[in-house]
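A look at the structure
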Amino acid sequence: MMSNSNGSNSESATHLITVRNVTKLYVMGSEELYALKGISLGIEKNEYVAIMGPSGSGKSTLMNILGCLDTPTSGDYFLNGKNVSEMDDDELAEIRNREIGFVFQTFNLLPRSNALHNVELPLVYSGMHKSDRLERAEQALIDVGLQDRMKHKPNELSGGQRQRVAIARALVNNPSIILADEPTGNLDTRTGQEIMQLLEELNLQGNTIIIVTHEEDIAQHARRIVKIRDGDIEDDYLSKRGKEFQNAKTQ
Amino acid sequence: MNFWIEIKENFAIAYKAITANKMRSFLATLGIVIGVTSVTLMQTAIEGINRAFEKSISAVGADVLYVQKFEWFGKEDFDFYRNRKDITMAQYDYLSNNAQTAAVMCPTTGTGKTLKYKDLVLENVFVVGTTYEYQETFGLNMEEGRFFTASESEGAYPVCVIGMDIKKAFFENQDPLGKTIKIGTYSFRVIGVIEKQGSLLGLFSLDNRVIIPIERFFNLFGGKRSLSINIKAADINNLDETKEEVRSIMRKARKVDYGERDDFGINQQEAFKTTYESLTGLIKIIGTLITSLSLIVGSVGIANIMFVSVKERTKEIGIRKAIGAKRSTIMYQFLIESVAICLLGGLIGIMISFPISLIIDAYVLPTAMPLWVIVLGIFVSLLFGVMAGFFPAFSASKMDPVESLRYE
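From a predicted model like this one, the values you see are computed outputs, not experimental measurements.

Turning our attention to the overall build of chain A. From N to C terminus, chain A includes 8 helices and 10 strands. Scaling as 2.2 N^0.38, a compact globule of 251 residues should have a C-alpha radius of gyration of about 18 Å, and chain A matches this with 18 Å. Expressed as lengths along the three principal axes of its C-alpha atoms, the size of chain A is roughly 55 × 45 × 35 Å. Classification of the 251 residues of chain A by burial places 56% in the buried group.

Take a look at the structure:
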């Protein structure tokens, strides 16, 4: 397996995320389209990575694979040492439940459930008992500053508050990675800044965060930027913040 | 993974989904309500008809065997049975002396006669000639007076026991005991009245009868008749054993050679039941199928609603999958929703049909909704819930999380 590696990630076992030669092929009628053309990527624990690219670049496909919502056509994806690319639907569901916290552009909260129940839901699927669930969910909502909005339904909350509920839901099961897909895309600039601030705090507390965005200034909040174009990695570099951070560490 | 935690959650989801679309849930439930109501009422009606039948043949006696020339509902023609040798008192005595598994038995014969009391006349009353054992064989209770005794029956005394219809006709407001009535042209003293018996199959009144000692009957109306020997088994659970014993004794008494078929019939209540079943069985099955049809239509409606519900909640399915719901979890979610709708419909259906069954009982035909019909109603609605929900739930569970998250 190691011989198939393209070299740059040969010490893959130590990474939180290791993607090796991942391709994704879409067949539409007689047309074949490679959305990913053999991507390799390693992400460490507690990194804060922005995946950037224009629409159609393959960044959404990559995010879906990283989020275990989809599996690659070929290549390997190791998450926490487990080869996700060979898992079946139910195993993937369990990985999504325990290892990944999603934050979506459109929030994707259940409209008929209140904030608390939305946050509680991943714990339901991991089989936790009601009293423990409530305690954890309440704590997660307190952590994102929504202690007095717990019983509100999504349509009674502002966009920023909804996204905070979504972040609380992503956090509640202590996942290995938080995967945020255009988290500020449906928010005004000021609220967007608040959400980015919150993600930054979560990163400083030790969470690994991957955001997918096409906005340069949003990407600049991350420490590392991976640019995708036409299904391949175009560039992979430290952001201004990342460089500051590294300098601070080496001094 | 804790199964019950998921199931509880799924019930909560189903409750929310059903209450969120009240009108839709109501209409979807209506089909099942109608289906379960008609199925349970049909079964209740069948039960009522069965009970009415059982009651109408109860006079035949479940534990009584009738040895006769004729076979009830026999397949041969009338002459075949008529031309058989008569069943005689000698055969009765022989059977009576040899049967071990019979509790009691009596011979009977009968004919139609005109009865008179003073200037009152009753035409075509059935006159039964029998012995004192008759009362015990058929377990008869006396309304008034007593049955005749062994010595009265053997001594051919001119005494009679009358049915309730005759008492009403002759002795409306007086004591019948000790009165003399005329059977044909012969006088008999009334010594007892049998309590009301009802009728056989609603056709022959068992109360329009007069019972006299068989020896007297022979003397007055002629002795060259074929008898019916009526045998009460010692144990109803060993009825077949008694039947076999009676058969072999009767064959000996009538000198039927080995290998030849019986030249007599051993009849029992069972024959009525078999005939009844063969007549009504098909009707019951068709009735059940037709009423089930309404349930099937109802469940197709629910399947339809569930497909709409799944489609509408594609995004929700995507969200649930993204945060860790497995295929089975999604599957159960929609199955439970459809089962909940059907079960609700089933319970409402039972709540509607139960009072209707009481109305039927009071005004149409004595019946009661048996417990098993209620259990059946609940079980059937569960079953149809699963059937209606299966394919929609399966399609939901198979949804691709990426596609369904993108669905608007």
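In terms of helices and strands, chain B carries 14 helices and 12 strands. Relative to its length of 408 residues, chain B is extended, with a C-alpha radius of gyration of 33 Å against a globular reference of 22 Å. In chain B, which comprises 408 residues, the proportion classed as buried is 49%. Nonlocal contacts in chain B, meaning residues at least 24 apart in sequence, comprise 76% of its contacts between residues at least 6 apart. Of the accessible surface of chain B, which amounts to about 20000 Å², a share of 60% is contributed by carbon and sulfur atoms.

What follows covers the packing of aromatic side chains. All names here are of chain B. This structure, assessed with the given rule, holds 19 aromatic pairs over all chains. On the basis of an interplanar angle of 55° and a centroid distance of 4.9 Å, the ring pair of tyrosine 134 and phenylalanine 138 is categorised as tilted. Here tyrosine 134 and its partner phenylalanine 138 are both found in helix α5 (residues 134-138), 4 residues apart, which amounts to about one turn of the helix. On the accessibility criterion, phenylalanine 138 (22% relative accessible area) is partly exposed. Taking 5.9 Å as the distance between ring centres and 10° as the angle between the ring planes, the aromatic pair formed by phenylalanine 390 and phenylalanine 394 counts as stacked. Placement of the pair is phenylalanine 390 and phenylalanine 394 together in helix α13 (residues 371-397), with a separation of 4 residues, close to one helical turn. Its relative accessible area of 33% is what places phenylalanine 390 among the partly exposed residues. For phenylalanine 394, a relative accessible area of 37% corresponds to the partly exposed category. By the ring-pair criterion, three or more aromatic residues cluster together here, those being Tyr66, Trp72, Phe73, Tyr134, Phe138, Phe147, Phe148 and Phe272. We note arginine 216 situated over the ring of phenylalanine 188; from NZ or CZ to the ring centre the distance is 6.0 Å.

Helix length check: helix α1 (residues 3-20) of chain B, at 18 residues, gives a terminal C-alpha distance of 25 Å against a target of 26 Å (1.5 Å per residue), a fit within 8%. All buried positions along α1 of chain B are accounted for by Ile5, Glu6, Ile7, Glu9, Asn10, Ile13, Ala14, Ala17 and Ile18 of chain B. Contacts made by the buried residues of α1 of chain B are with α3 (115-125) and α4 (130-143) of chain A together with α2 (22-56), α11 (314-322) and α12 (327-363) of chain B.

Moving on, we come to the pattern of salt bridges. Residue and element names in this part refer to chain A. Tallying each qualifying case throughout the model produces 37 salt bridges over all chains. A salt bridge links arginine 20 to aspartate 76; its shortest N-O distance comes to 3.9 Å. Remark: aspartate 76 occurs in strand β4 (residues 74-79) and arginine 20 occurs in strand β1 (residues 17-28); sequence separation between them is 56 residues. On the basis of relative accessibility, which here comes to 4%, the residue arginine 20 falls in the buried class. Aspartate 76 sits in the buried class, given a relative accessible area of 16%. The partner of aspartate 70 in a salt bridge is lysine 24, with the nearest N and O atoms 3.3 Å apart.

A few words on a nonpolar patch on the surface. Residues and elements named next belong to chain B. A surface patch of nonpolar side chains, amounting to about 560 Å² of accessible area, comprises Leu344, Leu347, Ile348, Met351, Ile352, Ile378 and Leu382. Sorting the residues of the nonpolar patch by element identifies α12 and α13 as the ones contributing at least two each. The element contributing the most residues to the nonpolar patch is α12, with 5 residues. Note on placement: leucine 344 falls in helix α12.

With that settled, the discussion passes to α11 of chain B. Given 3.6 residues to a turn, an α-helix orients residues that are three or four positions apart in the same direction. Residues and elements named next belong to chain B. When you tally the buried positions in α11, you get 9 out of 9 residues, the bulk of the element. Here α11 has its buried residues at Thr314, Lys315, Glu316, Ile317, Gly318, Ile319, Arg320, Lys321 and Ala322. With its phi angle positive at about 120°, glycine 324 sits one or two positions after the end of α11.

On to the confidence of the model for chain B, then. If pLDDT is low for a region, its predicted coordinates should not be looked at in detail. All names here are of chain B. On average, residues of chain B score 90 in pLDDT, and 99% of them reach the 70 mark or higher. Predicted confidence in chain B is weakest over strand β8 (residues 199-200), with a mean pLDDT of 76, and strongest over strand β5 (residues 159-162), with 96. Among the scores for the predicted complex, ipTM is 0.91 and pTM is 0.72.

Moving on to the pairing of strand β2 (residues 31-43) of chain A. All names here are of chain A. For β1 and β2, the ladder comprises 10 bridges, and the chain directions are antiparallel. The residue of β2 that forms the bridge with valine 19 is leucine 41. Counting the residues in the hairpin turn of β1 and β2 gives 2 residues, including glycine 29, whose phi is positive at 65°.

Let us now look at the side chain of arginine 254 of chain B. Residue and element names in this part refer to chain B. Structurally, arginine 254 is set in the loop between α9 (239-253) and β12 (265-268). Looking at arginine 254, the relative accessible area reads 1%, which means it is buried. At a separation of 2.8 Å, a polar atom in the side chain of arginine 254 contacts the main-chain carbonyl oxygen of lysine 85. A polar contact of 3.1 Å, which involves the side chain of arginine 254, links it to the backbone oxygen of aspartate 86.

Residue and element names in this part refer to chain A. Burial of the side chains of strand β6 (residues 100-103) extends over both faces: Ile100 and Phe102 are buried on one face and Gly101 and Val103 on the other. The sheet contact formed by β6 and strand β7 (residues 177-181) spans 4 bridges and is parallel. Each residue of the ladder has a partner; that of valine 103, found in β7, is alanine 180.

In terms of nonpolar packing, the biggest core is built from 66 residues, with Ile17, Leu66, Tyr77 and Leu79 of chain A touching the most fellow members. With 7 residues, α12 of chain B is the single largest residue contributor to this core. The residues touching tyrosine 77 of chain A, leaving out its near neighbours within four places in the chain, are Ile17, Thr18, Val19, Ile65, Leu66, Cys68, Lys82, Asn83, Val84, Ser85 and Ile177 of chain A.

Turning to the sheet that holds β1 of chain A, a few remarks are in order. Residues and elements named next belong to chain A. Reading across from one edge, β2-β1-β4-β5 is the order of the 4 strands in this open sheet, with antiparallel pairing throughout. Here the strands that pair on one side only, and so sit at the sheet edges, are β2 and β5 (82-83). Where β4 lies against β5, 2 bridges are found, and the strand directions are antiparallel. From the neighbouring strand, leucine 79 faces β5, where its bridge partner is lysine 82. Against the sheet, helix α1 (residues 59-66) engages β1, β2 and β4, with an angle of about 120° to β1.

Basis of the calculations
Residues numbered from 1 in each chain as written. Chains lettered and ligands numbered in written order. Predicted model: local features only at pLDDT ≥ 70, side-chain atom pairs only at ≥ 80, totals over all residues. Heavy atoms only, no water. Helix = DSSP H or I, 4+ residues; strand = E, 2+ residues; numbered from the N terminus. Rg over C-alpha atoms; globule rule 2.2 N^0.38 Å. Buried < 20%, exposed > 50% of the residue type's maximum accessible area, 1.4 Å probe, protein only. Contact = heavy atoms within 4.5 Å. Areas by Shrake-Rupley, 256 points an atom, 1.4 Å probe, with all protein chains shown as cover. Phe/Tyr/Trp six-rings, centres within 6.5 Å; stacked < 30°, edge-to-face > 60°. Lys NZ or Arg CZ within 6 Å of the ring centre and 35° of its normal. Expected span 1.5 Å × (residues − 1). Salt bridge = Lys/Arg side-chain N within 4 Å of Asp/Glu carboxyl O. Patch = residues over 30% accessible without salt bridge, like charges linked within 9 Å, V, L, I, M, F, W, Y side chains within 5 Å. pLDDT = per-residue confidence, 0-100. Pairing = 2+ DSSP bridges. Polar contact = N/O pair within 3.5 Å; in protein donor to acceptor, adjacent residues only side chain to side chain. Core = buried A, V, L, I, M, F, W, Y, C linked by side-chain atoms within 4.5 Å. Axes fitted to C-alpha atoms, helices over the stretch in contact; angles between N-to-C directions.

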